[in-house]
Amino acid sequence: MKVVNLKQAILQAWKERWSDYQWAINMKKFFPKGATWDILNLAEALLEQAMIGPSPNPLILSYLKYAISSQMVSYSSVLTAISKFDDFSRDLCVQALLNIMDMFCDRLSCHGKAEECIGLCRALLSALHWLLRCTAASAERLREGLEAGTPATGEKQLAMCLQRLEKTLSSTKNRALLHIAKLEEASSWTAIEHSLLKLGEILANLSNLQLRSQAEQCGTLIRSIPTMLSVHSEQLHKTGFPTVHAVILLEGTMNLTGETQPLVEQLVMVKRTQHIPTPLFVLEIWKACFVGLIESPEGTEELKWTAFTFLKIPQVLVKLKKYSHGDKDFTEDVSSAFEFLLKLTPLLDKADQRCNCDCTDFLVHECSKQGLLSEASVNNLVAKRKADREHAPHLKSGENANIQPNPSLILRAEPTVTNILKCSSGLNFLSCPQTMDADHSKSPEGLLGVLGHMLSGKSLDLLLAAAAATGKLKSFARKFINLNEFMTHGTEESTKAASVRALLFDISFLMLCHVAQTYGSEVILSESSTGAEVPFFETWMQTCMPEEGKILNPDHPCFWPNSTKVESLVALLNNSSEMKLVQMKWHEACLSISAAILEILNAWENGVLAFESIQKITDNIKGKVCSLAVCAVAWLVAHVRMLGLDEREKSLQMIRQLAGPLYSENTLQFYNERVVIMSSILEHMCADVLHQTATQIKFPSTGVDTMPYWNLLPPKRPIKEVLTDIFAKVLEKGWVDSRSIHIFDTLLHMGGVYWFCNNLIKELLKETRKEHTLRAVELLYSIFCLDMQQVTLVLLGHILPGLLTDSSKWHSLMDPPGTALAKLAVWCALSSYSSHKGQASSRQKKRHREDIEDYTSLFPLDDVQPSKLMRLLSSNEDDANVLSSPTDRSMRSSLSASQLHTVNMKDPLNRVLANLFLLISSILGSRTAGPHTQFVQWFMEECVDCLEQGSRASILQFMPFTTVSELVKVSAMSSPKVVLAITDLSLPLGRQVAAKAIAAL
C-alpha cells in the first residue's frame, strides 16, 4: 500500500492495531533512507494524533515511547513537541506527557552535530517553560478545588509536575544545557522568570508544606542557573595567607609611590584564586602592615611604612569595597578583621612600642573617616584595645610625651601636602605661605623660611612620605622643579637677593635629588610633551645623576659644555676666596663643574696644583651651594669607574674632600641642614663605586642608616647558593620579610629573569610534602611579583614547554610538586593577563629590560616559518615520546576564542599563552600519557577553579575549541561545569562547542 504522508501512516497503524515494533518496521519500509524522522517531525505528528480526544490514545503513545527508546526520534524533537501542548485542562493528556518526560528527562544526550546539540538546549528551555506553566495551571486548579471542597483533583497533578521539575533540574548536566540556552535565547529566559514569579504567587498560600517546599527548591535551582559558575567555597581551615602578607610587604617596602588600582587588582586576584574569606583577607593586610612597621629600619623607611599603613592602605580598602557585594557586608567584614586583630596582642604591643602610640586607635579612626567602620564599631574597638593596653605597663612607661609619634605626624603632614598643592598660582606668597607656584620674585625670603623649616629634622621626609602614599608626590616634586628652574639665573640683583636665589636653587636641587633617590627618578620626570622645554633639573638627572643600574659615560657631551664657561668657572674656583653669587647662572655652573673638575684633577696629577689649592677649590665648591658639590661628585663617580686601580687615588680623595662639611662662619643660611641632605645624596651616589674600589669615605653621620637595604648579599658566595638559601629560610618561616624581598630583588637584577625563575622553579620541584609545596607556591607567587610580567613570559614561554616536551623531565611533574607548579603557572598567567594592559610599576621600570628571546621570532604569526615550539613538537617523529596529534591536524589551524575576539597577537604575553594552549591541545590529543598529561589536567582544573564569573577576557580564550572535546575524555574534567568554565560562552561558536561536549557526557 502506498502511503501519502506521515499522518496517513500513523492512522493506518492505529486502524490495523500494529504492535510498536511492527509499526517501526513498517515505517522504515514506507519512508526509505534519506530524510531523518526529526526532519519529518515524527514526534510532533505522533503526539498530535495521540492527543486528539479528552484522553490520550494509548496505542499511538506506545509508538512514541518505542521511537524514543529505539532513538528513532531525538530528545529535542520530543521535548519541542511536548512544549507545544497547552490545553492543561485535559488532565489525562497532561499526565501522559509528564510520564513520557519521565522516561528521559534526567539522562538527556545528543551525539550529533553542534547545531543539534544547541537544538537540545533550546528544546530543554522550552520544556522547562512548559513544565512551569503546567505546574502553575495545576496549582491554580488545586486552589479552585480547595475553595470548592474537592482538593484531590489538582493535588495529584501538581505533585507530578513538581516531581518532573525536580528530576529535570537536579541534573547538573541539564542545568548546564539550560545555562547555554539562556545565553542563546534571552527572551525565553525572561518568560521563564515571569512564570516562576507567577507560580510563586499562586503557591504562596498553599497549605501542603511538602509541595510548597518542593516548589521553592525547584525555584532556587532555576535561579541558580545563570550563576552556576560563580560558586566557590572559601578557605575556612586556614588563618594565615603568606601571599597577601608578602604582596603588602613588597608594596610597602618598594612601591609606596605606585598607584592604588594595580595593588587593589592584584589583591583581588589573590583573594579570588585562593578563595580567602573577606575578614581574614583584611586581617592579613593589617598583620602585614604592622609587621612592616615593626621591622622597618629607623629613618626614612620607617616614615614610608607609617604613611603606607595609615594613609595608603585605608584608600586601598575603599577601592576593595567596590569589589565586594555590598557596602554593609564589607563594613562588617572590616570590623570583624579588627576584632581578630585585637586578639594578636603581642603584635599590637610591639607596634605600639615601636611607634610610641596606640596604633589601633589611629588606624580605626582613619578607617572611620573613609566610611569603612561605623561609629559604634570604632568606639567598641578603641575601648577594647585601651583595656588591653592597661595590662601592658611597659607600653606606658616607654611612651615619651616629648616625642610625637610618627602616625600622628604623618596624618598631620597629609593635609599640609594638600594645602601646598591647592594654593593657586595667582596668590601672593605672603597670603599663602605654603604655595610653591606663587610669583617667586615677590617674596623669596618668606619662601626661603618655609623651605628652610622643611629641611629641619624630619619635616621633609614626613611631607614626601605623605605625598607618596596619597599619589601626590609627582605634583609635589613638580613644584620644586618649577622653583629650581625659576632660580637658575637672575637679572639685576643685590647681594642679599643673590644669596636668597642661590639658597632657593640649592635647597630645591637637593630636595629633588633626595626625592629621586628615595622614591625613584620616575616621580621627577614630566609627561613627554613635544615642543616643551625640558627643565634643567630633569636634563641633569637623566644624563648626569648616578643611579642604581645606570652606568654613566664621563665623556658624554652633557658633561662638556662651552669651554669658555668652563675656563671662567675654573678661574673663579681657583682664584676667589669664595664663590660669587650675584647674577650667577647656577644651571650653567652645575653643567660646567664636571669639565672644571677634570681640569683641576689634571693640574693636580701633573703637579701644577698643590693639595692646599685643591682644598681651597673644594671648599669653594661646597662653601656656598651644596648642589655644585653634588654635580661634581656625580661626574667623579662616573670618572672613577673608567679608571684603573692605580689611577683612582686622587679622584677618590677629591670625593672625600667634597663630602665633608665646611667649618666656616662665612656660609649661607641653613648650611648644616643642607649638608645633612647633601651627605645622604652623596652616600647614595658613591655607594657602588666605593664598594667596587674597597674605599671608605666617612660621610657626616645623621645617626640613622640612610641605606638600610644596600649591599645585603654575603661576599664571596655564588648567587645561586644565596638564592637557594634565602628561599629555604623563607619557606621554613612561612612568610617573606622586607630584607628577604630586597635580597630577592638584587638577585633578580643580577642573575636575570630566566636564571631567577628557573632556579626557583627547580627548588619548588624538589619539594615532596604537599603542605610545603602549597606554601612554596604562595611564597613564589609573591616573590615573582617583583617583576610578574617578565617572570610569566619566561615561565609559560620557556620553562613549562621545556618540562612538558622533554620526556626525561616528566618525572619532576609528579604530584605534589607538579600540582603546585600548575597552580603557580595559572596564578602568574591570570595575574599578568589581567594587569598587562596597565602601566608597569615604578620598580619594574627601573630594571633594564633584556628579554631572553624576541617573542615574535619565538612564536611567529604566519604558517610559513614554523615556530620554535612547533619544530620542537615535530622534530623526531619516530620517537615514541613525541607529542603528536592522532589525527595529525595542523595545530596552527585550531581556532580559539581569542582569534574571534581579535586579540592582538603581537603582544608577547598573548603569543606565549596561545602557544602554551596549543601545546596543551597537542598533549591531550597525543598517544602518550604520563605525568605531563596529568599536569595539563591540574593546570586546567586550576584555571576553572580561579575562574571569575562573567569574565570573558580570561586566559582560557587562547585555548583552541578542539581542546574541549579532548579534555572531557579525561575523567576528572568530564563535568558540565568544567565545560562551561573552559569555553567562551559569549561567542556562538563557544556555545556550540560547549553544548556538543556537555550533550555527549
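Residues numbered from 1 in each chain as written. Predicted model: local features only at pLDDT ≥ 70, side-chain atom pairs only at ≥ 80, totals over all residues. Heavy atoms only, no water.

Caption draft 1: A look at the overall build of the protein. Of regular secondary structure, the protein possesses 47 helices and zero strands. Counting every position in the protein, which comprises 1001 residues, the buried fraction comes to 55%. In the protein, 78% of the contacts between residues at least 6 apart in sequence involve partners at least 24 apart. (Helix = DSSP H or I, 4+ residues; strand = E, 2+ residues; numbered from the N terminus. Buried < 20%, exposed > 50% of the residue type's maximum accessible area, 1.4 Å probe, protein only. Contact = heavy atoms within 4.5 Å.)

Caption draft 2: Up close: the packing of helix α25 (residues 495-519) against helix α30 (residues 626-641). Interaxial distance between α25 and α30 falls to 8 Å at its minimum, and their mutual angle equals 45 degrees. Put simply, α25 runs oblique to α30. Each of Phe-505, Asp-506, Phe-509, Leu-510 and Cys-513 in α25 lies in contact with α30, whose residues at this interface are Cys-626, Ser-627, Val-630 and Cys-631. Classifying every residue of the contact of α25 with α30 gives seven nonpolar, one polar and one charged. (Axes fitted to C-alpha atoms, helices over the stretch in contact; angles between N-to-C directions. Parallel < 35°, antiparallel > 145°, perpendicular 65-115°, else oblique. Nonpolar A, V, L, I, M, F, W, Y, C, P; charged D, E, K, R; others polar.)

Caption draft 3: Representation of the nonpolar core in the model. If you look at the biggest cluster of nonpolar residues, it comprises 341 residues, and the most contacted ones within it are Trp-23, Trp-540 and Phe-784. Setting aside residues no more than four positions away along its own chain, Phe-784 makes contact with Phe-756, Cys-757, Leu-760, Ile-761, Val-791, Leu-824 and Cys-828. (Core = buried A, V, L, I, M, F, W, Y, C linked by side-chain atoms within 4.5 Å.)

Caption draft 4: Highlighting helix α26 (residues 536-544). For α26, every residue scored as buried is listed here: Phe-536, Phe-537, Glu-538, Trp-540, Met-541 and Cys-544. Tucked into the core, α26 has its buried residues touching α24 (473-486), α25, α28 (586-605), α30 and α32 (671-692).

Caption draft 5: View of the packing of aromatic side chains. Counted according to the given criterion, the structure contains 18 aromatic pairs. With centroids separated by 5.0 Å and ring planes inclined at 55 degrees, the aromatic side chains of Phe-509 and Trp-540 adopt a geometry described as tilted. Residue Phe-509 is located in helix α25, and its partner Trp-540 is located in helix α26; the two are separated by 31 residues in the primary sequence. On the accessibility criterion, Phe-509 (0% relative accessible area) is buried. (Phe/Tyr/Trp six-rings, centres within 6.5 Å; stacked < 30°, edge-to-face > 60°.)

Caption draft 6: Here's a closer look at unusual backbone geometry. In this structure, Pro-816 follows Asp-815 across a cis peptide bond, with omega equal to 10 degrees. Mapping Pro-816 onto the fold places it in the loop between α37 (788-805) and α38 (817-835). A positive phi angle, near 60 degrees, is found at Gln-71, a position not held by glycine. Checked against the element boundaries, Gln-71 lands in the loop between α4 (58-69) and α5 (75-83). Positive phi is not limited to glycine here, since His-275 has a value of about 50 degrees. Secondary-structure assignment places His-275 in the loop between α13 (260-274) and α14 (278-295).

Caption draft 7: Structural view of the packing of helix α33 (residues 719-733) against helix α35 (residues 753-766). Viewed as axis vectors pointing N to C, α33 and α35 meet at an angle of 50 degrees, and their least axial separation amounts to 11 Å. Between α33 and α35, the interaxial angle falls into the category oblique. By crossing handedness, the relation of α33 to α35 is classed as right-handed. On the side of α33, the interface is formed by Ile-719, Lys-720, Leu-723, Thr-724 and Phe-727, while α35 contributes Trp-755, Phe-756, Asn-759, Leu-760 and Glu-763. (Left-handed = near helix turned anticlockwise from the far one by under 90°.)

Caption draft 8: Up close: helix α31 (residues 649-659). Turning to α31, its buried residues are Ser-651, Leu-652, Met-654, Ile-655, Gln-657, Leu-658 and Ala-659. Where α31 is buried, its residues touch α28, α29 (611-623), α30 and α32.

Caption draft 9: Up close: the pattern of salt bridges. Tallying each qualifying case throughout the model produces 27 salt bridges. For Asp-352, the salt bridge goes to Arg-385, with nearest N and O atoms at 2.8 Å. Here Asp-352, found in helix α17 (residues 345-355), pairs with Arg-385, found in helix α19 (residues 375-390); they are 33 residues apart in sequence, far enough to count as distant. We note that Asp-352, like Arg-385, is buried. One network of salt bridges, with partners in common, ties together Asp-349, Asp-352, Asp-358, Arg-385 and Arg-389. (Salt bridge = Lys/Arg side-chain N within 4 Å of Asp/Glu carboxyl O.)

Caption draft 10: Structural context of the state of the cysteines. One pass over the full model with this rule turns up zero disulfides. Free of any disulfide, Cys-289 has its nearest neighbouring cysteine sulfur in Cys-367, separated by 9.9 Å. Judged by relative accessible area, which is 0%, Cys-289 ranks as buried. (Disulfide = S-S within 2.5 Å.)

Caption draft 11: Quick look at the confidence of the model for the protein. Predicted confidence across the protein gives a mean pLDDT of 80, with 84% of residues reaching 70 or more. No element of the protein has a lower mean pLDDT than helix α41 (residues 868-873), which averages 43, and none a higher one than α35, which averages 93. Confidence over residues 424-441 falls short of pLDDT 50; this stretch has 33 contacts with residues more than four positions distant or in other chains. Considering only residues more than four positions removed or in separate chains, one finds that residues 845-854, a stretch of pLDDT under 50, has 19 contacts. (pLDDT = per-residue confidence, 0-100.)

Caption draft 12: Structural detail: the environment of Leu-448. By secondary structure assignment, the location of Leu-448 is in helix α22 (residues 444-455). The spacing of Leu-448 and Ile-507 is 59 residues in sequence and 8.7 Å in space, taken between C-alpha atoms.

Caption draft 13: Molecular detail of the environment of Tyr-75. With respect to the helices, strands and loops of the structure, Tyr-75 is situated in helix α5. Sequence separation between Tyr-75 and Cys-110 is 35 residues, and the spatial gap between their C-alpha atoms is 7.9 Å. Dropping the residues within four chain positions of it, Tyr-75 is found in contact with Ile-68, Phe-104, Arg-107, Leu-108, Ser-109 and Leu-120.

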